[in-house]
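Single-letter residue listing:
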Amino acid sequence: MDQLPDEILLYIFEMLVQDARKPLQAICSVGEHRVAQYSLPTTKQATTSRPELNISAVCRRWRKLAIHDPLLWDHINFRNEHTPFIRSRAYLERSQEARIFAEVRVGNAPRGNEVEIDAYFNEAFTTLFPHVRQCRHLGLQAPSLARLRDCLEQIMERGAIDSWRLKSVEFGARQPATWGVIMEFLFYNDALGEYWRLRGQRVTVLTLRGVLLPWTWTEWYSNLTHLTLTFRNNIWSLAENNRMPAKLTFLHILSYSPELEELELTGFRFSDSAFSGTAFQAPLRFEKLVAMRFSGFSPEHLEWFLSEIEAPHLRSFFYRTERGSLADVRNFLLRYSGARSTLKALWVKALPGQGLDSTSTHLHSTLNFLPGLEELTLQHNHFHNSELSALTPWMQTGGPAVQCPRLKALRLIGASFNFEHLATMVKERRASSELPSPSPGQDDHRTMKLQILQISGMQASVPFVQASVKETIRDSVDTLLWDELQPFPSPSEHSVSTW
């Protein structure tokens, strides 16, 4: 390394930093898209997600190179920092005139009461404010809607935003439901609204959490590649419901986003429930849409919505079930049946204590139609013996697993299952993967070995010694992530927060 030219060394540093800034994911990949995301312990995240700090502490030469390269310091998020934010101030200084990725989020604050969190946000925004013009991404999650609007007014008054640089925006107001309405329009037909309406024409990534943009602002949607709308799951008032778009209005908005690649809707619904039938002569077609996530979406509204869009190259689908069933999205998923299916990752999440019913066959039958699936995640679900058996190859006859023969990553989070059957499935898949290649003209019945198996947040109703099973499985999977068994949660722990 000492013999490498400075330019090559800096290139390596930048590649390391860029890779660490991606979501912490496992090594298993599906084409260009990684799968099998998993969380690291907090202590490991601190060192893994900020390699620039480690690089700059190796030797004098590395430190001199690193601290003068603005691309290593262009991500500022104030995470878990206390005032006066020494680390983030150093990042802002070292980023020089680079286009920065900056976030001020109450969710990144160290633990504290509401007064302390409010003071954290105010001080962090004050620190960032002189550098806002450099932002290519601006993320603001304020303690309240009023505080968020105040920040945006300060930016307007100073003319501090550069619409040519700004490509990604996240706005949010973190208000507990007990504080009153949290779904409110952020802008109106006033000076603040007019200013920001003209600043979104080049935005490609838009995230709104608990706040709304006027649905008439089609300029903000014309270049989008990523759209995330996250609201409270339970809409109590008629006023809140009326702030949501009508079905045709939302489809009209999406029609302005032909380049859309990722769509995430949480706690979403339409203001009109009576509309039925098709909105257009043909479903909206998104050629680049590869990932969709739905959570807390009214099942009836979601079923209609999915019938109105087409994503021929969809690779990843997340659905948090409200009724413990895949029935609401099964017809949509069946579009991706067959060996040439593009769908590679499926994540099914149920509310704690409301997993897929033991009598339900929706998961079992849906997996039958997805032979190309490479990642499967079940969260708070019952993974029954019949489903484990279906993932197990027929080694006696040299046949593949009934379901998901290409599966590379399996995650069971807060799920219940039979440990012995799981161990058998993992070992048999490895044995099947080691079978010799078939002769020319013969079908390949081999099943993929699991590259990643994650088991976390398990709920155990009876004692179980894990050591022997873990050791049995360890040699049959490339990466094994196994948490300790957890007791059943108390009813008070069943609440789910959208934040």
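All residue numbers refer to position in the chain's written sequence, counted from 1. Confidence filtering applies because this is a predicted model: local features only for residues at pLDDT of at least 70, side-chain atom pairs given and counted only at 80 or more, and all residues used for totals across whole chains, interfaces and linings. Where side-chain values are given, they derive from all heavy atoms of the structure, hydrogens and water being excluded.

Undergrad: Honestly, the overall build of the protein in this entry has me stumped. Any pointers?
TA: Note on conventions: DSSP H or I runs of at least 4 residues are helices, E runs of at least 2 residues are strands, and numbering of each starts at the N terminus. Helix and strand counts for the protein come out as 16 helices and 22 strands. Think of it in three bands: with a 1.4 Å probe and only protein chains considered, a residue is buried below 20% of the maximum accessible area for its type, exposed above 50%, and partly exposed in between. The burial tally for the protein puts 48% of its 499 residues in the buried class. Note on definitions: a residue-residue contact is assigned when non-hydrogen atoms from the two residues lie within 4.5 Å. Put simply, 76% of the contacts in the protein that link residues at least 6 apart link residues at least 24 apart. Of the roughly 23,600 Å² of accessible surface on the protein, a fraction of 51% belongs to carbon and sulfur atoms. The accessible surface values rely on the Shrake-Rupley method and a 1.4 Å probe; as for residues, cover is taken only from the protein chains in view.

Undergrad: I would appreciate a short explanation of helix α7 (residues 145–157) in the present structure.
TA: Given 3.6 residues to a turn, an α-helix orients residues that are three or four positions apart in the same direction. End to end, α7 covers 18 Å across 13 residues, agreeing with the expected 18 Å (1.5 Å per residue, within 8%). Turning to α7, its buried residues are Leu145, Arg147, Leu148, Arg149, Cys151, Leu152 and Ile155. Its buried side turned inward, α7 meets α6 (114–128), β5 (135–142), β6 (168–173), β7 (184–185), α8 (191–197) and β9 (211–212). Looking one or two places after α7, you find Gly159, whose phi comes out positive at around 55°. Given the number of residues in a helix, its expected span is that number minus one, multiplied by 1.5 Å.

Undergrad: It is not clear to me how the pairing of strand β4 (residues 100–105) should be interpreted in this structure. Could you clarify?
TA: Regular strands show a simple pattern: their side chains alternate between the two faces of the sheet. With respect to burial, β4 is a largely interior element, 5 of its 6 residues being buried. Strand pairing is assigned whenever DSSP detects at least two bridges linking the two strands. The pairing of strand β3 (residues 75–76) with β4 spans 2 bridges and is parallel. Counterpart to Ile76 in the pairing with β4 is Ala102. In this region the chain leaves β3, passes through helix α5 (residues 86–94) and returns to the parallel neighbour β4; the handedness of that crossover is right-handed. When the strands point away from the viewer, a crossover counts as right-handed if the route from the first strand across the helix to the second turns clockwise. Considered for its hand, the β-α-β crossover made up of β4, α6 and β5 is right-handed.

Undergrad: Please explain the environment of Leu265 as it appears in this structure.
TA: Structurally, the position occupied by Leu265 is in strand β11 (residues 262–266). Residue Leu265 is classed as buried on the basis of its relative accessible area, which comes to 0%. In sequence terms Leu265 and Thr228 are 37 residues apart; their C-alpha atoms lie 6.0 Å from each other. Leu265 has contacts with Leu229, Phe250, Arg293, Phe294, Ser295, Phe297 and Phe305, leaving out every residue within four places of it along the chain.

Undergrad: Explain the environment of Ala246 to me, please; I cannot follow it from the model alone.
TA: Turning to its location among the elements, Ala246 is positioned in the loop between α9 (238–243) and α10 (247–254). For Ala246, a relative accessible area of 22% corresponds to the partly exposed category. Along the sequence, Ala246 and Trp215 sit 31 residues apart, while their C-alpha atoms lie 9.7 Å from each other. Setting aside its immediate chain neighbours within four residues, Ala246 contacts Phe270, Ser271 and Asp272.

Undergrad: Would you mind going over the pattern of salt bridges with me for this structure?
TA: Close approach of charged atoms lets side chains of opposite charge pair. Any carboxyl oxygen of Asp or Glu that lies within 4 Å of a side-chain nitrogen of Lys or Arg is treated as forming a salt bridge with it. This structure, assessed with the given rule, holds 19 salt bridges. Residue Glu184 pairs with Arg243 through a salt bridge whose shortest N-O separation is 3.3 Å. With a gap of 59 residues between them, Glu184 in strand β7 and Arg243 in helix α9 connect regions that are remote in the sequence. For Glu184, a relative accessible area of 18% translates into the label buried. Residue classification places Arg243 among the buried residues on the basis of a relative accessible area of 15%. Taking the shortest distance from any N to any O, the salt bridge between Glu287 and Arg285 comes out at 2.4 Å. Exposure remark for Arg285: the relative accessible area of 47% places this residue in the partly exposed category. Here the residues in one salt-bridge network are Arg105, Glu170 and Arg209, joined through shared partners.

Undergrad: Hey, could you run me through helix α1 (residues 6–21) in this one?
TA: In a regular helix each residue adds 1.5 Å, so 16 residues correspond to 22 Å; α1 covers 23 Å between its end C-alpha atoms and thus fits that length. Those residues of α1 not exposed but buried are Leu9, Phe13, Glu14, Val17 and Ala20. Along the axis of α1, the buried positions cluster into a sector of 135°, meaning they face one direction only. Turned more than 90 degrees from where α1 packs its buried face, Glu7 and Tyr11 sit exposed. Working definition: the arc comes from the directions between the helix axis and the C-beta atoms, pointing outward to the latter.

Undergrad: Got a minute to help me understand the pairing of strand β10 (residues 226–230) in this structure?
TA: Counting buried positions along β10 gives 4 out of 5 residues, so the element sits mostly inside the fold. Of the pairings in the sheet, the one linking strand β8 (residues 205–209) to β10 comprises 5 bridges and is parallel in character. Bridged to Leu206 within β10 is Leu227. By the bridge criterion, 5 bridges tie β10 to β11 in an arrangement that is parallel. Note on β11: the bridge partner recorded for Leu229 is Leu265.

Undergrad: How should the nonpolar core be read in this particular structure?
TA: Inside soluble globular proteins, nonpolar side chains tend to come together where they are buried. We define a nonpolar core as any set of buried Ala, Val, Leu, Ile, Met, Phe, Trp, Tyr and Cys residues linked to one another through side-chain atoms lying within 4.5 Å. Ile155, Phe171, Trp196, Phe305 and Phe317 are the most contacted members of the largest nonpolar core, which has 123 residues in total. Sorting elements by how many residues they give to this core places α6 first, with 6 residues. Every residue in contact with Phe305, bar those within four places of it in the chain, is listed here: Phe250, Leu251, Leu254, Leu263, Leu265, Phe270 and Phe294.

Undergrad: Please clarify how the packing of α10 against helix α11 (residues 299–307) should be interpreted in this entry.
TA: The description of two helices packed together rests on the angle between their axes and the distance between the axes. Following both chains from N to C, one finds α10 and α11 inclined at 40°, their axes separated by 12 Å at the closest point. When the interaxial angle is binned, α10 and α11 end up oblique. Crossing hand, α10 versus α11: right-handed. In contact with Lys247, Phe250, Leu251 and Leu254 of α10, α11 contributes His301, Trp304 and Phe305. Residue classes follow a fixed rule: Ala, Val, Leu, Ile, Met, Phe, Trp, Tyr, Cys and Pro count as nonpolar, while Asp, Glu, Lys and Arg count as charged, and any other residue, Gly among them, counts as polar. Residue classes in the contact of α10 with α11 are distributed as 5 nonpolar, 1 polar and 1 charged. Axis definition: a line fit to C-alpha positions, over the contact stretch in the case of helices; interaxial angles, taken between N-to-C directions, run 0 to 180 degrees. Reported orientations rely on four angle classes, namely roughly parallel under 35 degrees, roughly antiparallel over 145, roughly perpendicular from 65 to 115, and oblique for the rest. Crossing chirality is assigned from the near helix's rotation relative to the far helix, an anticlockwise turn below a right angle marking it left-handed and a clockwise turn marking it right-handed.

Shape descriptors only; they carry no functional weight alone.
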